[in-house]
Amino acid sequence: INGESTVEIKDCSLNNLDQDDGSLKISDSSLSGRVEQGGGTAEMKQIAVGGDVAQQSGSLDLFDSTVCGNFNPEANSVKTVAFRVTVTGDCNWRSNRSWFGYGKARSFNFNGSDAKVVFVGGEIDRLGSEADGMFLQGNNNTITITNSKITGTTSYSVGNEANIEITESGHTVKIFNN
């Protein structure tokens, strides 16, 4: 999808989706491959993605959906919202405004600065792997983690992996009722 167009897709089976600009609404559909968003705004409801979701910029709202790969919003992404989304891979987020609510993922990793990050009602399961459940890095971020559960983290050396690891400086972090 290129140019300043408004596109609506419903009840379709697609291979891949590549949005560079404009406005996109997609619902009740499936993609056998990946989603790439290079700009514009996208609202996606009740979709199944067979590969990764890559957001280079723009705004993305994803609801009641499944991603059978990784979910990767990059630093130029203005806003990323995931509500009731299951990600079978890792969430590697850098979006300036990040909100992950009531979903599931293998891990949630955030790397950015001067961002607002909210993780609410989520479930992380590392499935016994040697890695952090949640890894947050950067500077001067406002981070809220609430009503969430992280399981399945193991460490091959004492203190090497954690359920939540926060690095660098200047963050305001609120972790409660987990």
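Residues numbered from 1 in each chain as written. Predicted model: local features only at pLDDT ≥ 70, side-chain atom pairs only at ≥ 80, totals over all residues. Heavy atoms only, no water.

Caption draft 1: Spatial organisation of the environment of Thr146. Within the secondary structure, Thr146 is located in strand E16 (residues 142-146). Under the relative-accessibility criterion, Thr146 is labelled buried at 9%. Considered as a pair, Thr146 and Val85 are 61 residues apart in the sequence and their alpha carbons are 17 Å apart. Apart from residues no more than four positions distant in its own chain, Thr146 is found in contact with Phe119, Val120, Gly121, Phe176, Asn177 and Asn178. (Helix = DSSP H or I, 4+ residues; strand = E, 2+ residues; numbered from the N terminus. Buried < 20%, exposed > 50% of the residue type's maximum accessible area, 1.4 Å probe, protein only. Contact = heavy atoms within 4.5 Å.)

Caption draft 2: Spotlight on the packing of aromatic side chains. Under the counting rule described, the total for this entry stands at 9 aromatic pairs. Seen in terms of ring centroids, Phe83 and Tyr102 are 6.1 Å apart; in terms of plane orientation they differ by 80°. Their pairing is edge-to-face. Here Tyr102 lies in the loop between strand E10 (97-101) and strand E11 (104-105) and Phe83 lies in strand E8 (residues 71-87), a separation of 19 residues in the sequence. Accessibility expressed as a relative area gives 46% for Tyr102, which makes it partly exposed. Judged by centre distance (5.1 Å) and plane angle (5°), the ring pair of Phe100 and Phe119 falls under stacked. Separated by 19 residues along the polypeptide, Phe100 in strand E10 and Phe119 in strand E13 (residues 116-120) bring together distant segments of the chain. Accessibility expressed as a relative area gives 1% for Phe100, which makes it buried. Phe119 sits in the buried class, given a relative accessible area of 1%. Members of the aromatic cluster, connected to one another through ring pairs, are Phe71, Trp93, Phe100, Phe108 and Phe119. (Phe/Tyr/Trp six-rings, centres within 6.5 Å; stacked < 30°, edge-to-face > 60°.)

Caption draft 3: Fine view of a nonpolar patch on the surface. On the surface, Ile166, Val173 and Ile175 cluster together into a nonpolar patch covering about 210 Å² of accessible area. Within the secondary structure, Ile175 is located in strand E19 (residues 172-176). Relative accessible area serves as the criterion here: at 43%, Ile175 is assigned to the partly exposed category. (Patch = residues over 30% accessible without salt bridge, like charges linked within 9 Å, V, L, I, M, F, W, Y side chains within 5 Å. Areas by Shrake-Rupley, 256 points an atom, 1.4 Å probe, with all protein chains shown as cover. Salt bridge = Lys/Arg side-chain N within 4 Å of Asp/Glu carboxyl O.)

Caption draft 4: Up close: the pattern of salt bridges. Tallying each qualifying case throughout the model produces 6 salt bridges. Residue Lys79 pairs with Asp61 through a salt bridge whose shortest N-O separation is 3.2 Å. One end of the pair, Lys79, is in strand E8; the other, Asp61, is in strand E7 (residues 53-67), and 18 residues separate them in sequence. Assessed through its relative accessible area of 15%, Asp61 is described here as buried. For the salt bridge of Asp64 with Arg84, the shortest nitrogen-to-oxygen distance reads 3.8 Å. Remark: Arg84 occurs in strand E8 and Asp64 occurs in strand E7; sequence separation between them is 20 residues. Here the salt bridges do not stand alone but share partners, grouping Arg34, Glu36 and Asp52 into one network.

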